[in-house]
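# Structural description and commentary
For reference, the chains in residue letters:
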Amino acid sequence: MSGFGGEKKDDDDDEREGGAERPFKGVDKAHVIQEARMFNQPDVDPNKCIQLMTKLLYLLGKGENFSSKESTESIFFPMTKLFQSKDEKLRRLMYLVIKELKPDSDCVIIVTSTLTKDMNATNDLFRANAIRVLCTITDTAMLTAIERYLKQAIVDKQPLVASAALVAGMKLMKSNPDVVKRWVNEINQAANDKSAHMVQYHALSLLYSIKRSDRLAVTKLVAGLAKTQLKSPLAQCLLIRYTVQVMAEGAQQERTYYEFLEGCLRHRSEMVIFEAARAICQLPNVSQRELTPAVTVLQLFLSSPKPSLRFAAVRALNRVAMSFPLTVTLCNLDLENMISDSNRSIATLAITTLLKTGSESQVERLMKQISTFMSEIADEFKVMVVDAIRALCLKYPQKHRVLINFLSNVLREEGGFEFKKSIVDTMLVLINEIPDAVEPGLLHLCEFIEDCEFTYLSTQILHLLGRKGPKTAHPGRYIRHIYNRIILENATVRASAVTSLAKFGAQVPSLRANIITLLRRCVHDADDEVRDRATFYATVLSGESEPLIKKFIVDVAPQKLDGVEKQLLDYVEAGDFSNPFNFAKAVVMPIPISVQKASAKQAGGGGAADIGVSPTKKKETGAAMYGELLNAIPEFAGLGPLFTSSQPAPLTESEAEYVVTCVKHMFEKHIVFHFNIKNTMEEEQLENVMVNMDCDSKCQIQSSVPAEVIKFGAPGMAFVSVKRGEGMDNMFFKNCHLTFVKKEVDPSTGDVYPEGEDEEYPLDEIEVGFADYTKPNPLPDFRAAWDAMTPDFDLTQIFRLDKHKSIADAVTAIAEALGMDACEGSGTVSGAARQHRLLLSGVLLGEQAALVRADLRSGATNAVEMKLLIRAQSEPVSQAILEAVSS
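Reading the values: rules and limits
- Residues numbered from 1 in each chain as written.
- Predicted model: local features only at pLDDT ≥ 70, side-chain atom pairs only at ≥ 80, totals over all residues.
- Heavy atoms only, no water.
- Helix = DSSP H or I, 4+ residues; strand = E, 2+ residues; numbered from the N terminus.
- Buried < 20%, exposed > 50% of the residue type's maximum accessible area, 1.4 Å probe, protein only.
- Contact = heavy atoms within 4.5 Å.
- Areas by Shrake-Rupley, 256 points an atom, 1.4 Å probe, with all protein chains shown as cover.
- Axes fitted to C-alpha atoms, helices over the stretch in contact; angles between N-to-C directions.
- Parallel < 35°, antiparallel > 145°, perpendicular 65-115°, else oblique.
- Left-handed = near helix turned anticlockwise from the far one by under 90°.
- Nonpolar A, V, L, I, M, F, W, Y, C, P; charged D, E, K, R; others polar.
- Expected span 1.5 Å × (residues − 1).
- Arc of directions from axis to C-beta.
- Salt bridge = Lys/Arg side-chain N within 4 Å of Asp/Glu carboxyl O.
- Patch = residues over 30% accessible without salt bridge, like charges linked within 9 Å, V, L, I, M, F, W, Y side chains within 5 Å.
- Lys, Arg positive; Asp, Glu negative; His and termini not counted.
- Charge placed at Lys NZ, Arg CZ, Asp CG, Glu CD.
- Phe/Tyr/Trp six-rings, centres within 6.5 Å; stacked < 30°, edge-to-face > 60°.
- Lys NZ or Arg CZ within 6 Å of the ring centre and 35° of its normal.
- Pairing = 2+ DSSP bridges.
- pLDDT = per-residue confidence, 0-100.

Looking only at helices and strands, the protein has 40 helices and 17 strands in total. For the protein, the residues scored as buried account for 48% of the 887 residues in total. Counting contacts in the protein only where the partners sit at least 6 residues apart, residues at least 24 apart contribute 63% of the total. When the accessible surface of the protein is totalled, it reaches about 44,900 Å², and 51% of it is carbon and sulfur.

See below:
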């Protein structure tokens, strides 16, 4: 049925385009081939031939396939007789059909001489079309024969012919770049031709295509043309874009290029003025002073009568406002006038820009203006407004009540899933970042789930209620809303509600008895997941065992089950059930690449979500994952509690025959090196696999746990325990190598030959740095924690970070070097920011808390300068942090 629906839609489209009569109704390949006989008639009717070729182009455009015989004998050969016609419309369509038919080399030879003749004809239309067709259908051998004519065409006085030759050169750059590079002199001459604007534009584009692989040549091209005034506005816009690319690559004459861009702001073409303003706004290291002329020009465009100019200007200012809100503040009056613009896209961008640049005193007035505006725009624009409100609330947390009330009112209005999700996500961020917003935000979300039609959002809100609700001043007020979900919703939401209730019972002892009663009412639910959860949670809560309640309800860490699934399948396939399945080991086993790809594909964008997860967050969850595995190994049972675990670091190339990664587990007096080893050799099996290394002078090896057998494609694990010395010094473990017994395997049968050989395989050296001694310590209020800690061991130091090109690079490097958590969103910084404050919080080995405040700014020479303030609980910790940053 879908196929018929699609055809009906095409017919309807044709009817709308053609009026009452549909010109292509009933057109099929057989009729067109039959009608092509008219090309052979002595007296050709141009109008009928034009109609027939239009039908033919229609079929080719729809993707109709013509066999070689049909396209050559029935259409191509008869159509070549039309070269004798002088009718311009007929000849133009004939050229188009030849290009679309893409004749083979034998047919090309037949028309090459005729097309070459047309290239030298007196009719400019024939000449231009002949060039286009020849360059489309010809091959390398035949291109040499017509190269002379193409060079002449590039410098032709007729713009139509010259542009056709230059555009043909752009196409030929993909297939025959060496031939086109020989035309540089002619192309340069065309680029300097001030009489034809389009020729100059095409010539500049082709010149750049020829020289783009040579950075020095591109720099010379841009520097030379920047000193002249190109007549073509399109060519000038192209030159502006090339200039920005040269500046981004670190050109030496950066000031000269900026002056060229600033000069373009006074061009007589609006297109060039806007392109120059947009380019200046997008420069990576632009200063506020350099930005002011561009913002002034964009402000003038805001009052333009042309909607396209107003839209372009407000969109550019919207982007500038992310990094330089104070500079855009000068345009606020014009932006407020644009809220009532008839074009809703322009009005939306004006609103979001105002939200980024508005002061704290303007928040209430802006919300009143937006409230009347929201009902008039589509959901996609509403999402943009909600995202801007989120940034505004984080900027002015004192105004959270006004903004949350506005969001809750909008949440009750009609809207699609993406719009509702953006509001819920915004409220979740505000609840997590602003402590005073927790209770009002939760109450508004409770009202929303009473009428929520989206299961995903309901479960997300119930999870938040279970996490935040028990810690509020009046947790009992949320129970009614949660229990209503159990009565009224589908099985997925009911299961989430049961879990949320259990968290209240676990963390609020005064409510526990009532929660147990409510849970026992759910044990007869129609869904097995709801029944199982209710039974489990009611049993755990009734036992009154606080350690069990904490372990199974409060501190439940999410597990990565992809590896568990693979290990379960292998366990079942092996058929050996004498040993129980080791869940703790399965959780931390490396996940095969095929499983990872499949999971990412099913998740649909999971990769993007991973970008938002900081390395410190991943490190924090890693320790919880590995703790049970290490406790299950007798050699490590007496090492004490695991402090932290690093991310896997590769010790071999990813394409090596044995792929090895290392995870560093930090204990109070020991380090356990955890090696994940994968055998990629199909004809080999490795046995008794161990890792040997040369220890640093500050430590000594205590024990080594080998991997007994590692088959092809199956990962294995080996461990080395090292007793370390005092302090948190950097250590290097060199001469690392695998030692194992290699046995051959018959790939066809899987049989392993009994005889083996002792082998060694080199690995990269292992470094233990300061970040390995640290685990992140997220803080909702960094300032309160800073004030609460004694300043007795404070250290202050000023650094000049010459090796970092931007503040964003410096922030990333410092956070990675210290392994701490970036608090209050300070880990995110714009690439164009000129100053930034980074707030880091962590706990060092020995459970010693430390706070770091780094004030960064770009100096006059674009070098990053940093003032570092360290506050810790002991002087050795402060010194260790200072040494880590210094190194």
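Structure's up, so let's keep going.
The description of two helices packed together rests on the angle between their axes and the distance between the axes. Closest axis-to-axis distance for the helix 23 (residues 379-395)/helix 24 (residues 400-411) pair is 10 Å, and the angle between their directions is 160°. Looking at the two axes, helix 23 sits roughly antiparallel to helix 24. By crossing handedness, the relation of helix 23 to helix 24 is classed as left-handed. Two secondary-structure elements touch here, helix 23 through Val386, Ile389, Leu392 and Cys393 and helix 24 through His400, Leu403, Phe406 and Leu407. Here the residues of the contact of helix 23 with helix 24 are counted per class, giving seven nonpolar, one polar and no charged.

Below, the discussion takes up unusual backbone geometry. You will see that asparagine 688, though not glycine, has its phi angle at about 50°, which is positive. Exposure remark for asparagine 688: the relative accessible area of 42% places this residue in the partly exposed category. Here the phi dihedral of asparagine 735 falls at roughly 55°; this positive angle occurs in a residue that is not glycine. Mapped onto the fold, asparagine 735 is located in strand 9 (residues 731-745).

Its 17 residues give helix 25 (residues 417-433) an end-to-end C-alpha distance of 24 Å, which sits within 8% of 24 Å, the value for a rise of 1.5 Å per residue. Where helix 25 is concerned, the buried positions are Phe419, Lys420, Ser422, Ile423, Val424, Asp425, Thr426, Met427, Leu428, Leu430 and Ile431. Elements in contact with the buried residues of helix 25: helix 23, helix 24, helix 26 (438-449) and helix 27 (455-468).

Every buried residue of helix 15 (residues 254-264) is accounted for by Tyr257, Tyr258, Phe260, Leu261 and Cys264. Each buried residue of helix 15 lies within a common arc of 155° when the element is viewed along its axis, so the set occupies one face. Elements in contact with the buried residues of helix 15: helix 13 (215-226), helix 14 (233-248), helix 16 (270-281) and helix 17 (288-301).

With that out of the way, let us pick up the environment of lysine 171. Mapped onto the elements of the fold, lysine 171 is located in helix 9 (residues 159-175). Along the backbone, lysine 171 and arginine 132 are 39 residues apart, and their C-alpha atoms lie at a distance of 9.7 Å.

The final tally for this structure, using the stated rule, is 28 salt bridges. Residue lysine 306 pairs with glutamate 270 through a salt bridge whose shortest N-O separation is 2.9 Å. With lysine 306 in the loop between helix 17 and helix 18 (307-323) and glutamate 270 in helix 16, this residue pair connects regions lying 36 residues apart in the sequence. Through salt bridges with shared partners, a single ionic network connects Asp124, Arg127 and Asp156.

To continue, consider a nonpolar patch on the surface. A cluster of nonpolar side chains, namely Met198, Leu234 and Met271, defines an oily patch on the protein surface of about 250 Å² accessible area. The residue methionine 271 is located in helix 16 in this model.

Next up on the list: a negative patch on the surface. Taken together, the side chains of Glu653, Glu655, Asp764, Glu765 and Glu767 make up a negatively charged region of the molecular surface. Within the secondary structure, glutamate 655 is located in the loop between strand 2 (649-650) and strand 3 (658-666). Accessibility expressed as a relative area gives 67% for glutamate 655, which makes it exposed.

Taken together, Arg92, Arg132, Lys171 and Lys174 make up a surface patch of like positive charges. Relative to the helices and strands, arginine 132 is located in helix 7 (residues 124-137). The exposure class of arginine 132 is partly exposed, given its relative accessible area of 31%.

Tracing the sequence through the fold places threonine 348 in helix 21 (residues 344-357). Judged by relative accessible area, which is 0%, threonine 348 ranks as buried. In this view, threonine 348 contacts Phe373, Ile377, Phe381, Met384 and Val385; residues no more than four positions away in its chain are not counted.

A separate point is the packing of helix 31 (residues 528-542) against helix 32 (residues 546-554). The N-to-C vectors of helix 31 and helix 32 enclose an angle of 155°; their axes lie 9 Å apart at closest approach. Compared by their axis directions, helix 31 and helix 32 come out roughly antiparallel. Crossing of helix 31 against helix 32: the hand is left-handed. Note on element contacts: helix 32 touches helix 31 through Leu548, Ile549, Phe552 and Ile553, opposite Phe536, Tyr537, Val540 and Leu541. Of the residues belonging to the contact of helix 31 with helix 32, the class tally is eight nonpolar, no polar and no charged.

Before going further, it helps to spend a moment on the packing of aromatic side chains. Under the definition given, this model contains 11 aromatic pairs. Aromatic side chains phenylalanine 636 and phenylalanine 719 sit 5.7 Å apart centroid to centroid with 65° between the ring planes, which places their arrangement in the edge-to-face category. Here phenylalanine 636 is found in the loop between helix 37 (615-631) and strand 1 (644-645), whereas its partner phenylalanine 719 is found in strand 8 (residues 715-724), with 83 residues between them in sequence. For phenylalanine 719, a relative accessible area of 4% corresponds to the buried category. Over the aromatic face of phenylalanine 126 sits the side chain of arginine 91, whose NZ or CZ is 4.0 Å from the ring centroid. Positioned over the ring face of phenylalanine 419 is lysine 382, at 5.1 Å from the centre of the ring.

This brings us to the pairing of strand 17 (residues 864-872). Burial of strand 17 is extensive: seven of the nine residues sit out of reach of the surface. Pairing geometry for strand 13 (residues 795-801) and strand 17, over seven bridges, is antiparallel. The residue bridging phenylalanine 799 from the neighbouring strand is methionine 866, located in strand 17. By the bridge criterion, nine bridges tie strand 16 (residues 848-858) to strand 17 in an arrangement that is antiparallel. Bridge pairing in strand 17 places leucine 851 opposite arginine 871.

With that settled, the discussion passes to the confidence of the model for the protein. Confidence in the prediction of the protein, expressed as mean pLDDT, is 81, and 89% of residues score 70 or more. Long-range and interchain partners of residues 1-20, a stretch whose pLDDT sits below 50, account for five contacts in this model, where long-range means more than four residues apart.

Let us now look at the side chain of serine 205. Take serine 205: it is sitting in helix 12 (residues 197-211). Overall, the relative accessible area of 17% leaves serine 205 in the buried class. Apart from the residues within four sequence positions on either side, serine 205 is in contact with Met170, Leu238 and Tyr242.

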